[in-house]
Amino acid sequence: KIVVRQLINNFNKYKNKEVQISGWIRNNRDQKEFGFIALNDGTHFNTIQIVYEKKKLYNFEEIAKFRAGSAITVNGIVIETPSAKQPFEIKANKLILEGDCPEDYPIQPKRHSREFLREMAHLRSRTNLFTAVFRVRSLVAYAIHKFFEERGFMYVHTPIITANDAEGAGEMFRVTTLDLKNIPITKEGAVDYSQDFFGKSTNLTVSGQLEAESFALAFRNVYTFGPTFRAENSNTARHAAEFWMIEPEMAFADLKDNMMLAEEMMKYIIKYVLENAAEEMEFFNKFVDRELKNRLENIMNSKFAQITYTEAIKLLKESKEPFEYPVEWGNDLQTEHERYLSEKVFKKPVFVIDYPKEIKAFYMRLNEDNKTVAAMDLLVPGVGEIIGGSQREERLNILEKRMEEIGINKKEMSWYLDLRKYGGVKHSGYGLGFERAVMYITGMNNIRDVIPFPRTVHSCEF
Ligand code: 4AD
Ligand code: MG
């Protein structure tokens, strides 16, 4: 008994031998004397062809009626077929039904729209498209761990439940055991969190960065890779309420080191996927985005561009593009601006650095001009912002001043200030949105289609 992955990777070992394989029928066509089943067993993107012959199989008529979606087990001989479309096929000696699939099976052997399939998150992984997407998603995760492991970065698990709002944007999902029908109130009229599970107000993390900083100042180079949650009310094709983030953090590193790491990482992941998911990438190139492979291959051979926010505003103002959102120094860049810069101006990934401090988080290092911070966003064609990062403010007095300006409680964040007080050094890091990376590499244009079970505004199916 073997799986398709073994068979394809080790064809010579199985050639002309009898094997047993179990899987699901993607398609079944029968003629008078022969029938052909496209079988996928989940272990490889490709389906394999099973040939069944009337002369050989007592249950030929029955097999011919097996519908797409049914599970079968087949015993048969592996035959090389150099002249056919597929390199080999299995000639069945025995073929039995393991699990029937009735006629109302929604996934039929034809093209379904992605919108239709989105309503069926529990079944869509059985289509070619989603088989490819989720295999690549898994591979990208592996490539990321491999990249950091090879460079000596330590993997740290930062908490999911936290009392911090790392980004200070107030977009958090609360975690509470309080009875919503009977919320305890203090004398002052506020929610009495002392009666809550943790004795204080807590939420799901929006980023593991602050805790990663604590580890970077002990282990030097670390990274987190975990789920993050944002109650952003943006119903777009690139925002999810639950998404994964990769956040490296490096001690003794500045913004330049940070950009170098980000560029090296992106190229590494792309190369890894092109090499290790060739069939899937071929499929995306054919059915999702005809420019995909070309674009990704070009990226690996070119240096990412780099401009300041101030230069970016100038370029956007000079453009004749009819933007929906106004371009003004001090406004945050919108997706349309980000995509214009990476797709029209640079035609490749571009780092935008030195944003106005008002539109960035409190922890970013203030530049000499006192107006901008050492931030870096990486914008890529097709997606827009894929990475957000910065050099962190390591100067205690400046950080405290900034927190006071914004109104962040210094007492609650005293642990974070300790990191500056006790052996604080310059340090930098960034967050890569995992789903956005998968979108970029597969060419898929909706974040809902690269997450197995997506959670977005007003949408949380089972
Ligand atoms: O730019 P962001 O908000 O940066 C941070 O959270 C920093 N603490 C990271 C760090 O420096 N360690 O988020 C980082 C990335 C974005 O560039 C984007 O790719 C992704 O996370 N992201 C989202 N992805 C999907 N859905 C959302 N709602 C996202 N919000 C951010
Ligand atoms: Mg950002």
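Residues numbered from 1 in each chain as written. Chains lettered and ligands numbered in written order. Predicted model: local features only at pLDDT ≥ 70, side-chain atom pairs only at ≥ 80, totals over all residues. Heavy atoms only, no water.

By the naming in an unreviewed UniProt entry, the protein chain is Asparagine--tRNA ligase, taken from Garciella nitratireducens DSM 15102. Recorded in UniProt under Catalytic activity (unreviewed entry), the annotation for the protein chain is "tRNA(Asn) + L-asparagine + ATP = L-asparaginyl-tRNA(Asn) + AMP + diphosphate + H(+)". Its UniProt record gives the protein chain a comment under Subunit (unreviewed entry), which states: "Homodimer." (UniProt positions renumbered as here; feature names shortened; annotations may be inferred.)

Moving on: the UniProt feature "domain: Aminoacyl-transfer RNA synthetases class-II family profile" (unreviewed entry) in the protein chain. In the numbering adopted here, UniProt assigns the feature "domain: Aminoacyl-transfer RNA synthetases class-II family profile" (unreviewed entry) to residues 134-452. With 37% helix and 20% strand, the stretch residues 134-452 has end C-alpha atoms that lie 7 Å from each other. (Helix = DSSP H or I, 4+ residues; strand = E, 2+ residues; numbered from the N terminus.)

Taken together, 24 residues surround ligand 1, and among them Glu167, Gln209, Glu232, Glu247 and Glu385 come closest. Separating a nitrogen atom of ligand 1 from a side-chain N or O atom of serine 207 is a distance of 3.0 Å. Computed on the free molecule, ligand 1 has an accessible area of 630 Å², of which 94% lies beneath the protein chains in the complex. Among the cavities detected, the one that contains ligand 1 is the second largest pocket. Of all the secondary-structure elements, those providing two or more residues to the shell around ligand 1 are strand E11 (242-251), strand E15 (384-391) and strand E16 (427-433). Ranked by residues supplied to the shell around ligand 1, first place goes to E15 with 5 residues. Here the shell around ligand 1 is composed, by residue class, of 8 nonpolar, 8 polar and 8 charged. (Near = heavy atom within 4 Å. Polar contact = N/O pair within 3.5 Å; in protein donor to acceptor, adjacent residues only side chain to side chain. Areas by Shrake-Rupley, 256 points an atom, 1.4 Å probe, with all protein chains shown as cover. 1 Å grid on protein atoms, 1.4 Å probe; cavity = no way out; pocket = protein on both sides within 12 Å on 5 of 7 lines; lining within 4 Å. Sits in = over half its atoms within 2 Å of the grid points. Nonpolar A, V, L, I, M, F, W, Y, C, P; charged D, E, K, R; others polar.)

To continue, consider the side chain of aspartate 449. As for its position among the elements, aspartate 449 is in the segment after helix H14 (434-442). Side chain to side chain, aspartate 449 and arginine 118 meet in a polar contact 2.8 Å long. Not counting residues up to four positions away in its chain, the partners in contact with aspartate 449 are Arg114, Arg118, Arg124, Phe130, Val133 and Met444. (Contact = heavy atoms within 4.5 Å.)

Counting 70 residues, the largest nonpolar core has Phe148, Ile387 and Leu432 as its most contacted members. By size, the runner-up hydrophobic cluster in this structure holds 31 residues, among which are Phe323, Leu341, Tyr363 and Leu366. (Core = buried A, V, L, I, M, F, W, Y, C linked by side-chain atoms within 4.5 Å. Buried < 20%, exposed > 50% of the residue type's maximum accessible area, 1.4 Å probe, protein only.)

Our next topic: H14. Count 3.6 residues to each turn of an α-helix, and residues three or four apart come out pointing the same way. Counted residue by residue, H14 has 9 buried out of 9 residues, so it is predominantly covered. Note on H14: the residue one or two positions beyond its end, glycine 443, has a positive phi of about 80°.

This part is about the confidence of the model for the protein chain. Predicted coordinates in areas of low pLDDT are best not read in detail. This prediction gives the protein chain a mean pLDDT of 95; 100% of its residues lie at or above 70. For this predicted complex, the interface score ipTM comes out at 0.99, alongside a pTM of 0.96. (pLDDT = per-residue confidence, 0-100.)

Okay, the sheet that holds strand E12 (residues 305-308) next. Pairing is mixed in the open sheet, where 8 strands are placed in the order E6-E10-E11-E16-E15-E14-E13-E12. At either end of the open sheet lies a strand with only one pairing partner, and these are strand E6 (154-155) and E12. Looking at chain direction, E6 and strand E10 (residues 221-229) are connected through 2 bridges and run parallel. Within E10, the position partnered with tyrosine 155 by the bridge is tyrosine 223. Here helix H11 (residues 335-345) sits on the sheet in contact with E12, strand E13 (350-356), strand E14 (372-380) and E15, set at roughly 65° to E14. (Pairing = 2+ DSSP bridges. Axes fitted to C-alpha atoms, helices over the stretch in contact; angles between N-to-C directions.)

One non-glycine residue, arginine 220, lies in positive phi territory at about 75°. Along the chain, arginine 220 falls in the loop between helix H6 (209-219) and E10. Overall, arginine 220 belongs to the partly exposed group, its relative accessible area being 46%.

Our focus in this paragraph is the layout of surface pockets. If you add up the space inside the largest pocket, you get close to 1,700 Å³. Lining of the largest pocket is provided by 45 residues; of these, Arg26, Phe45, Thr47, Asn128 and Phe283 occupy positions nearest its centre. Only strand E1 (18-30), strand E2 (34-40), strand E3 (48-53), helix H4 (114-118), helix H5 (128-150) and helix H8 (278-287) provide two or more residues apiece to the lining of the largest pocket. A total of 6 residues in the lining of the largest pocket trace back to one element, the largest contributor, which is E1. Of the residues belonging to the lining of the largest pocket, the class tally is 19 nonpolar, 15 polar and 11 charged. Contributing to the lining of the second largest pocket are 49 residues, with Arg230, Glu232, His239, Glu385 and Arg436 lying nearest its centre. Considered class by class, the residues forming the lining of the second largest pocket number 18 nonpolar, 15 polar and 16 charged. (Points joined across faces, edges and corners; volume = space filled by probe spheres on them.)

Alternating residues of E12 divide into Ala305 and Ile307, all buried, and Gln306 and Thr308, none buried. Across 4 bridges, E12 lies against E13 in parallel orientation. By the bridge assignment, isoleucine 307 is partnered in E13 with valine 352.

The sheet built from 3 strands is open, its strands ordered E7-E9-E8 with antiparallel pairing. Where the open sheet ends on each side, the last strands, each with one partner, are strand E7 (161-162) and strand E8 (174-175). Taken together, the 2 bridges between E7 and strand E9 (residues 202-204) define a ladder with antiparallel strand orientation. Note on E9: the bridge partner recorded for isoleucine 161 is leucine 204.

Side chains of Arg29, Lys85, Lys286 and Arg290 sit close together on the surface and give a patch of like positive charge. Secondary-structure assignment places lysine 85 in the loop between strand E4 (71-80) and strand E5 (88-99). Residue classification places lysine 85 among the exposed positions, given a relative accessible area of 85%. (Patch = residues over 30% accessible without salt bridge, like charges linked within 9 Å, V, L, I, M, F, W, Y side chains within 5 Å. Salt bridge = Lys/Arg side-chain N within 4 Å of Asp/Glu carboxyl O. Lys, Arg positive; Asp, Glu negative; His and termini not counted. Charge placed at Lys NZ, Arg CZ, Asp CG, Glu CD.)

A word on the packing of aromatic side chains. Taken as a whole, this structure holds 24 aromatic pairs when the rule is applied. Between tyrosine 142 and tyrosine 272 the ring centres are 5.9 Å apart and the planes differ by 55°, which places this aromatic pair in the tilted class. One end of the pair, tyrosine 142, is in helix H5; the other, tyrosine 272, is in helix H7 (residues 255-276), and 130 residues separate them in sequence. By the ring-pair criterion, three or more aromatic residues cluster together here, those being Phe147, Phe148, Phe153, Tyr155, Tyr223 and Tyr268. The lysine or arginine in question, lysine 360, covers the ring of tyrosine 355, its NZ or CZ lying 4.2 Å from the ring centre. (Phe/Tyr/Trp six-rings, centres within 6.5 Å; stacked < 30°, edge-to-face > 60°. Lys NZ or Arg CZ within 6 Å of the ring centre and 35° of its normal.)

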